[in-house]
Amino acid sequence: MNLDNGADGRTGMEAETGKDETPGQETVTSRETGKVPEATPPAQKGGGKKGGGKGGGLKKKRRQERLAARAQEQVEVIDPAKVQPIARPARMKKRHWGLILSFVLMVLLPFAGVVYYLGTHATDQYLSTTGFTVRTQESGAANELLGGLAQFAGGTAASDSDILYEFIQSQEMVEAVNANVDLREHYTQVWPHDWAFGLWPEASMEDLVWYWHRIVGIAYDSGTGLTEVTVSAFDPETAQKITAEIVRESQDRINDLNARAREDALGYARADLEEALERLKGAREALTRFRTRTRIVDPAADMQSRMGVMGNLQQQLAAALIEYDLLRGTTNGSDPRLTKAEQRIEVIRDRIQIERQTFTSDNTDTGAVGEDYPTLIAEYESLAVDAEYAEQSYRAALTALEAARDDAARQSRYLATYIKPTLAQDSEYPQRFILGGLSALFLLLFWSILSLIYYSIRDRS
């Protein structure tokens, strides 16, 4: 066999592992020493082809050098101190068994208990639904009389719905419904078989109110004023009966509020009318006392008559002066008609002066009323304004009383039921699948949180 073929037959894997073709001879790998192994020349066999002495040795040496260089490139030098030991197979420990045991005790067993209770002990519950809203009946006559003030009364519908929302959840509603439907007898009949959804027989009124919030659901929309009430019971007839009682009690409460509002409106209107009447009486009595004291019914009319007298005197004075001028131009100075004309003129002038003094003088000898006219006129006008205001107030109060009576004659607010109490055919509660899923979810979350807390404390300690 040719030696060249023996050298060429070595593979790269043999060069990487550093093994020689010589049997029984091994070299230390680079992973153990961190050095590249040296290529060991294979043992030469005797014989061979002629002429392959010197030329064949050079070729073999070059091939060995190339193999050594290739092995140097491929071998990764690794520090033995950095090599990690191989991990041992995982084994179950006590904490693992404890974690599994806690999962069984805290998740699986409670979940199995919940599923068993829902499937065997939970009693079917039937649902009854009703819906209503508070409506306001507006009166056109009242709006016309009050000039739009009746619009404020229409804004009380939302507040009445708020009152009903709180009233349905109150103890008063529970007592009113319990008086017609024995709630304790119905909801304690499943005790203690269904202790989770039933009521215990020794429940007090406060306990019954608490249980009322479990069986009654209220959905109220403050924007539209619509209220929807749902009641759950162990038979559909009782659920419908309780819902009907809620509607009836709500209607009675609205009627009470309406009656109270009518009584308040009538009371306020009567009080305003009485006050306006007393004011009108006082104003007219003051005006009467003024007329009795001054003996003048109407100072303005009296002043107008006095001004008429003044005007008449002024006309007579002018006529007397003209007559005097005519006589003086046609007669001599000793004519007795001139003397009489002069006397007439003087008398008229004195009367005019006296009449003028009566307007501002308080002397009754000259025909005055004892007070000056400007003061009398100011007092009279004040009394007249008070009397006119009192009369207008009285008319307004009388109109408001008539409007209140007209509004009280009808039911301005009433309960409009848009969903009558329904009678269920199939039970909707308890929702077993939903309750089972929620219980499993919360049990798993609770167990996971406790496990994380335990391992967090364990790692820190």
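In the block above lies the structure referred to throughout.
Reference entry: report on the structure contained in this document. On a predicted model such as this, the values are computed, not experimentally measured, just so you know. (Residues numbered from 1 in each chain as written. Predicted model: local features only at pLDDT ≥ 70, side-chain atom pairs only at ≥ 80, totals over all residues. Heavy atoms only, no water.)

Some words on unusual backbone geometry
Note that the residue after Trp-191, namely Pro-192, is joined by a cis bond; omega there is -5°. Position of Pro-192 relative to the elements: it lies in the loop between helix H10 (183-187) and helix H11 (205-215). Residue Pro-430 is bonded to the preceding Tyr-429 through a cis peptide linkage, with omega at -5°. Mapped onto the elements, Pro-430 comes out in the loop between strand E4 (413-419) and helix H16 (432-460). (Helix = DSSP H or I, 4+ residues; strand = E, 2+ residues; numbered from the N terminus.)

A look at the pattern of salt bridges
Note on pairing: side chains with opposite charge can pair once their charged atoms come close. In this structure the tally under the stated criterion is 11 salt bridges. When the shortest N-O distance is used, the salt bridge between Arg-432 and Asp-124 registers 3.0 Å. Of this pair, Arg-432 sits in helix H16 while Asp-124 sits in the loop between helix H5 (94-120) and strand E1 (126-136), and the two are 308 residues apart along the sequence. When its relative accessible area of 32% is taken as the criterion, Arg-432 is described as partly exposed. On the accessibility criterion, Asp-124 (31% relative accessible area) is partly exposed. Residues Glu-275 and Arg-279 are paired through a salt bridge, measuring 3.4 Å at the closest nitrogen-oxygen approach. Taken as a pair, Glu-275 and Arg-279 lie in helix H12 (residues 236-294) at a separation of 4 residues, close to a single helical turn. For Arg-279, a relative accessible area of 32% translates into the label partly exposed. What you see here is one network of salt bridges that share partners, running through Glu-245, Arg-248, Glu-249 and Asp-252. (Salt bridge = Lys/Arg side-chain N within 4 Å of Asp/Glu carboxyl O. Buried < 20%, exposed > 50% of the residue type's maximum accessible area, 1.4 Å probe, protein only.)

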